[in-house]
Amino acid sequence: MDIESFVLDVVGVVEETADAKSISFAVPEGAEEKFDYKPGQFLTVAVPSDQTGIAARCYSLSSSPHDGGPLTVTVKRTADGYASNWICDNLKVGDTLRALPPSGIFTPASLDADLLLFAGGSGVTPVMSITRTALAHGSGRIVVFYANRDESSVIFAAELTRLAAEHPDRLQVIHWLESVQGLPTEAQMKAFAAAYGGYDSFVCGPAPFMKMVTTVLKELEVPRSLRHQEKFVSLGGNPFGDLAELQEAEAEIALAESDDDGPGADVFADAPAGPVKVEVELDGEEFTFDDWDPRTKLLDFLESKGVKAPYSCREGECSACAIRLLEGDVKMLYNDVLDKDDLDDGIRLGCQSVPLTDTVKITYS
Ligand SMILES: Cc1cc2nc3c(=O)[nH]c(=O)nc-3n(C[C@H](O)[C@H](O)[C@H](O)COP(=O)(O)OP(=O)(O)OC[C@H]3O[C@@H](n4cnc5c(N)ncnc54)[C@H](O)[C@@H]3O)c2cc1C
């Protein structure tokens, strides 16, 4: 069974800055519903490679889902990066690119909430989508703190200026230029963010920037439910591959590990002896199954039952498949994205979770 991907036509390419381009896509006829998206979500694209066949990369949508415009991602060149440079150097109108439907949880629960959006460099991409959408379809206040190396690297500068002028009572944009002010310090960020208690906060940018802002928000006791972050990492694997092959390969690895006598080799040593009952809430629907094999990851199991559970990287790196535990317990075979607070809040990755208890209840909301 192939994971469902789609060939998108490139219908626009705009040079935003010397090292960033926005690429717009038309969705194939009949797939429009699959490509409905929420502001802050991302596409996973298959960049052709003569070395590996495909380099799979995620790119956040900078467009708004509600203004009738085409699906648009904004890609900034990573120094010595493969895919970002390939996209910026090669893609032109009339080309095609394979993509998975939009995914991700970096999206406001309500567009009417007051929003505090922190962006560093290309981290502005999902922030732009959220800002555009909330201004047009929400009612809250929006504060954007946007850090860049220097003036020439500010993506969407003109549009942010225009939007702030059009919505003076709702949108405030604070630009921070490293060339002028140096890197923002924790104390400066704390003084800034302290004014926006109760705002739903979103952070996306380089790792040190995200870490600092997250620390500040925690120190200001912003509750976990109002703190969201999106990590821009490159996927190691290839979610465009054949699902059956992927599952077979994973099963072989698990078997090889359990045959190994080395310490901790059997990752399933603490699994329940028999099939597990699992109750799942997804998009207002409820599913119950009583035959979850404890050696099968939740996402794989749900897909085998025909449940359209969200995912992107399938490798524990992106959080598109995040679930919340309501009852019972699971163990993640790999996690490179959730932090301790997430885990304490019961959040787990569906693509990496195997059961630890005889009954498990989870929700995707
Ligand atoms: C949820 C999410 C959203 C994101 N949104 C954005 C966004 O909006 N804008 C943005 O700019 N970035 C975004 N990113 C980051 C983006 O996915 C990439 O990580 C980034 O563009 C860097 O990728 P790169 O291939 O250019 O660089 P790297 O990943 O650093 O490239 C080097 C890697 O490519 C491999 N490589 C080298 N040559 C080849 C070859 N010929 N074939 C195959 N592999 C090769 C190397 O082995 C090495 O692993 C996002 C990431 C995530 C997870």
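Only a predicted model underlies this, so the values are computations on that prediction, with no experimental measurement involved. (Residues numbered from 1 in each chain as written. Predicted model: local features only at pLDDT ≥ 70, side-chain atom pairs only at ≥ 80, totals over all residues. Heavy atoms only, no water.)

Details of the site of the ligand
- Close to the ligand lie 23 residues, the nearest being Ser49, Cys58, Tyr59, Ser84 and Ser234.
- Within the contact set of the ligand, an oxygen atom lies 2.9 Å away from a backbone nitrogen or oxygen of lysine 76.
- Every element with two or more residues in the shell around the ligand is listed here: β3 (42-49), β4 (53-60), β5 (71-76) and α1 (83-90).
- At 4 residues, the largest contribution of residues to the shell around the ligand is made by β4.
- Of the residues belonging to the shell around the ligand, the class tally is 8 nonpolar, 11 polar and 4 charged. (Near = heavy atom within 4 Å. Polar contact = N/O pair within 3.5 Å; in protein donor to acceptor, adjacent residues only side chain to side chain. Helix = DSSP H or I, 4+ residues; strand = E, 2+ residues; numbered from the N terminus. Nonpolar A, V, L, I, M, F, W, Y, C, P; charged D, E, K, R; others polar.)

Some details on the sheet that holds strand β9 (residues 171-177)
- Taken together, the 5 strands give an open sheet; going across it, the order is β9-β8-β7-β10-β11, and neighbouring strands pair in parallel fashion. Looking at strand neighbours, the two that pair on one side only are β9 and β11 (227-230), the edges of this open sheet. Taking each pair of neighbouring strands and ignoring which way they run, the sheet shows an average axis angle of 15 degrees.
- Across 7 bridges, the pairing between strand β8 (residues 142-148) and β9 is parallel. Across the sheet, the residue bridging to valine 144 is valine 173, located in β9.
- Helix-sheet contacts for helix α2 (residues 124-137) involve β7 (115-120), β8, β9 and β10 (200-204), and the interaxial angle to β7 is about 150 degrees.
- Most of the contacts of helix α3 (residues 157-166) go to β9, to which it runs at about 145 degrees, and overall it touches β8 and β9. (Pairing = 2+ DSSP bridges. Axes fitted to C-alpha atoms, helices over the stretch in contact; angles between N-to-C directions. Contact = heavy atoms within 4.5 Å.)

Quick notes on the domain arrangement of the protein chain
- According to the domain assignment, the protein chain contains domain 1 (6-103), domain 2 (115-229) and domain 3 (264-363).
- With 4 residues of domain 2 in contact, the opposing surface of domain 3 contributes 5 residues.
- Across the domain 2/domain 3 interface, buried area totals approximately 330 Å², and carbon plus sulfur atoms make up 26% of it.
- Ranking the residues of domain 2 by area buried against domain 3 places Lys218, Arg224 and Gln229 at the top, with a combined share of 90%.
- On the surface where domain 2 and domain 3 come into contact, there are 3 salt bridges.
- Note that arginine 224 is salt-bridged to aspartate 342, the shortest N-O span being 1.9 Å.
- Run the count over domain 2 and domain 3 and you get 3 residue pairs in polar contact (both at pLDDT 80 or more).
- Here the side of domain 2 that touches domain 3 is composed, by residue class, of no nonpolar, 1 polar and 3 charged. (Domains from an automatic or database assignment. Buried area = accessible area lost by both parts, 1.4 Å probe. Salt bridge = Lys/Arg side-chain N within 4 Å of Asp/Glu carboxyl O.)

Quick word on the pairing of β7
- Among the 6 residues in β7, 6 count as buried, and that is most of the element.
- Where burial is concerned, the two faces of β7 agree: the one with Leu115, Leu117 and Ala119 and the one with Leu116, Phe118 and Gly120 are both buried.
- For β7 and β8, the ladder comprises 6 bridges, and the chain directions are parallel. Its bridge partner lying in β8, leucine 116 is registered against valine 143.
- Taken together, β7, α2 and β8 constitute a β-α-β crossover, and its handedness is right-handed.
- Strand direction decides the pairing type here: β7 and β10, joined by 5 bridges, are parallel. The partner of phenylalanine 118 across the bridge, within β10, is valine 203. (Buried < 20%, exposed > 50% of the residue type's maximum accessible area, 1.4 Å probe, protein only. Right-handed = clockwise from strand over helix to strand, strands pointing away.)

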